[in-house]
Each structure stands twice: as C-alpha cells, then as structure tokens.
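# Close look at the chain arrangement
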Amino acid sequence: MLEEVERWLTRRSWSCDDRPLNRLTDARAADPRRTSVSVVLPALNEEATVGAIVATIRRELMEKVRLVDELVVIDSGSTDATAAVARAAGARVVHRDAILPRIPALPGKGEVLWRSLLVTSGEIVCFVDADLKDFSADFVSGTVGPLLTDPALQFVKAMYDRPLGGRAGQGGRVTELVARPLLNLHWPQLAGFVQPLGGEYAVRRSLLERLPFPVGYGVELGLLVDALHTVGLDALGQVDVGVRVHRHQDGQALGRMAAAIYRTAQLRLSRGHLVRPALTQFERGEDGFVPRTHAVDTEERPPMREIAEYAERHAA
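Rules used in this analysis
Residues numbered from 1 in each chain as written. Predicted model: local features only at pLDDT ≥ 70, side-chain atom pairs only at ≥ 80, totals over all residues. Heavy atoms only, no water. Helix = DSSP H or I, 4+ residues; strand = E, 2+ residues; numbered from the N terminus. Buried < 20%, exposed > 50% of the residue type's maximum accessible area, 1.4 Å probe, protein only. Contact = heavy atoms within 4.5 Å. Salt bridge = Lys/Arg side-chain N within 4 Å of Asp/Glu carboxyl O. Phe/Tyr/Trp six-rings, centres within 6.5 Å; stacked < 30°, edge-to-face > 60°. Lys NZ or Arg CZ within 6 Å of the ring centre and 35° of its normal. 1 Å grid on protein atoms, 1.4 Å probe; cavity = no way out; pocket = protein on both sides within 12 Å on 5 of 7 lines; lining within 4 Å. Points joined across faces, edges and corners; volume = space filled by probe spheres on them. Nonpolar A, V, L, I, M, F, W, Y, C, P; charged D, E, K, R; others polar. Pairing = 2+ DSSP bridges. Axes fitted to C-alpha atoms, helices over the stretch in contact; angles between N-to-C directions.

Moving on to the side chain of T264. By secondary structure assignment, the location of T264 is in helix α10 (residues 251-270). A residue is classified by how much of its surface remains accessible, and T264, at 2% relative accessible area, is buried. Ignoring anything within four residues of it in the chain, the contact list for T264 reads P214, G218, L221 and G222.

So, in structure tokens, the structure goes:
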C-alpha cells in the first residue's frame, strides 16, 4: 500500500460513533443553507425492505433530530408495491420516467442516481440502497457527518462487514474478485477503501453535478474514480457503520455486474471502446448448456450541470 494511502487511512477513516448526533445538528444549525441533506433510495421491486428503511430515517433523523431535510425514493419501474410502501412510510416517491422525460430512461441504478439530482435540493446528497435489512440510521448519519463537520471533505463512503451464509466477511464477492484488484493495480490511491462498490455514500452536490454517471452497475466505481481525479484523495473519506445485510445476487447476476464494472474501469483507463460490449453466460437447459448473451452497460450520462433543465433550475 502506498504511504500516502496509509496516511489517508489514519486521517480519513472513522467510526460513526466519532460524531454523535448532537455534534451534527450543531454543525447544521451553524450553517443550515450549506448543510441541507437529501437522502435518495433507488428502488426496484423492494417492497419487503424499503418501508422499514424509510421509516427509520424519518423517525431517527427527521423527527427525533433534524438532520435530513428530504427523503426521496426513486422508483425505477417496480412491478410490486414498492412505491406504495415507501409512500406510506413517509417518503416522497418519484418515478424514474417522470424525471427529465425528454431523455428516454435507460435501465440501471446509475441512471436513477443521476436523475435524482433533478428532483432533490440538498447541498449534501446521501444515497442508500433499498434492499438493506436490519437497517440503521447510522448509514446516513455516519456518511453525512464528516461532510457537515469538515468543509474540506467532498465524498464519504460507508464501510461495513458483509456476512454471507452466516459467515462474516464473505459478502462483496464482486468487490474482492473484480473491483479491489482493479483499484489496487490501476488506482492505488483508492486501495484504502474497504467497500468501494458499496451503495451507501454521501457527496456534496457541487461535486456530483460535475461527474459523469455510468447508467448501470459501474456507477459506484465510476463515481469514486472520477471523484479522485476531480477533488483528490484527501477530499474523500469512509466511515465504519457496522454490518450490512441485504439480498444477495446469484452467480450469473454477479457476472453481469462484474462485466459492467470492468467496462467502467476500462473506459476510464483508455477512454476507448470495447470491441464487443457483451457478456455470454451459460444456463443448463433440457438439452444441455444454453448460451445467454447480455449487453454490458456502455452508456454514461453527462455531468448534470450540462443538462439545461438542471442549469435553469439552479439559476432560478
């Protein structure tokens, strides 16, 4: 590990307990305009978990204390009761397709995160995945906290243990097999991030609106790499929030995720084009193995500040 990263780990890695809520609310009160907070949950068929997450954030961070200003669930086309459950729990629900309708929506998590900037107003934007179980408000207060107390920080990721099958530290398979090797080999300054692909992080809007967004699974790696190049390592941090429990993907879904992440890295390394942006996987059928070919995400959305509707909204 680079000496620079070792120093960064001691200066820019914390526990959520390092910043108690009263310290955060005091920081907000001192400068409420610059410390407004929006929490965004991208959701697709998450009726089983989204309600408890929304309810916890509302109760702990909007009612007991005033840390979060708005809580928005972006529904990316759910066919279950995700939207109704989220709305009943107290979130504002916006359908992906209702945001920036002149640009047809593409499938993918990154697309939803990018569009969320148009329907939120906080100077700090906190993203939280909607499939978390046993959710703690620390995922929000922990990542938002450093941004409220240190103006030099721009981007803070959650770190946590990810159990799988009852065994600690066995989750995050794509992180360990794909993302971590890529980062260590090509962006060694980012080797200190425990969960580089984690979906829980808080970022200043002034940075987010300057970054391109890969539309699919590559969004977390893309944002992290681009943030490094835009604001430097010392503006990035991470906070330990404990344990993250969520729904695990099957092996083939992980393969598609890995391909998208590799493609995102490859694009940033060469800014060139893949020869064949597709991934073929195999499933056993009645007559043997059947090939299934999936497109690998090859689209990225431009920095939001280049979108006319966003510029007009913030000029008003």
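Picking up where we left off.
Another aspect to go through is the pattern of salt bridges. This model, assessed by the stated rule, comprises 21 salt bridges. For D129, the salt bridge is made with R244, and the minimal N-O distance between the two is 2.7 Å. In this pair, D129 is assigned in the loop between β5 (124-127) and β6 (132-133) and R244 in the loop between β10 (236-243) and β11 (245-246), connecting sequence segments 115 residues apart. The class for R244 is buried, based on a relative accessible area of 4%. With a shortest N-O distance of 2.7 Å, R268 and E300 are connected by a salt bridge. Note that R268 is positioned in helix α10 and E300 in strand β14 (residues 300-301), a separation of 32 residues in sequence. By sharing partners, the salt bridges in this structure join K109, D129, E200, E220 and R244 into a single network.

The subject of this paragraph is the packing of aromatic side chains. Counting across every chain of the model gives five aromatic pairs. Note on F139 and Y160: the rings are 5.8 Å apart at their centroids and 35 degrees apart in plane angle, and the pair reads as tilted. You can see F139 sitting in helix α6 (residues 138-149) and its partner Y160 sitting in strand β7 (residues 155-161), a full 21 residues away along the chain. Its relative accessible area of 5% is what places Y160 among the buried residues. Members of the aromatic cluster, each reached through a chain of ring pairs, are F127, F155 and Y201. Above the plane of the ring of W14 lies R19, whose end atom (NZ or CZ) is 4.3 Å from the centre.

In this structure, the second largest pocket spans a volume of roughly 230 Å³. Residue assignment for the lining of the second largest pocket shows that the elements contributing at least two residues are α6 and α8 (205-208). The dominant element in the lining of the second largest pocket, judged by the number of residues it contributes, is α6, at three residues. Each residue belonging to the lining of the second largest pocket can be placed in one class, and the counts come to four nonpolar, three polar and seven charged.

This part covers the sheet that holds β5. Two strands in a sheet stick together by hydrogen bonds in their backbones, pointing the same way (parallel) or opposite ways (antiparallel). Taken in spatial order, the eight strands make up an open sheet running β1-β10-β7-β8-β5-β2-β3-β4, and their pairing is mixed. In the strand order of this sheet, the two ends are held by β1 (13-15) and β4 (92-95), each with one partner. The sheet shows a mean angle of 25 degrees between the axes of neighbouring strands, direction not considered. Pairing between β1 and β10: three bridges, direction parallel. From the neighbouring strand, W14 faces β10, where its bridge partner is V239. This element, α6, spans β1, β2 (37-43), β5, β7, β8 (201-204) and β10 of the sheet and lies at about 145 degrees to β7. Contacts between helix α9 (residues 219-231) and the sheet are confined to β7, β8 and β10, with β7 contributing the most and set at about 135 degrees to the helix.

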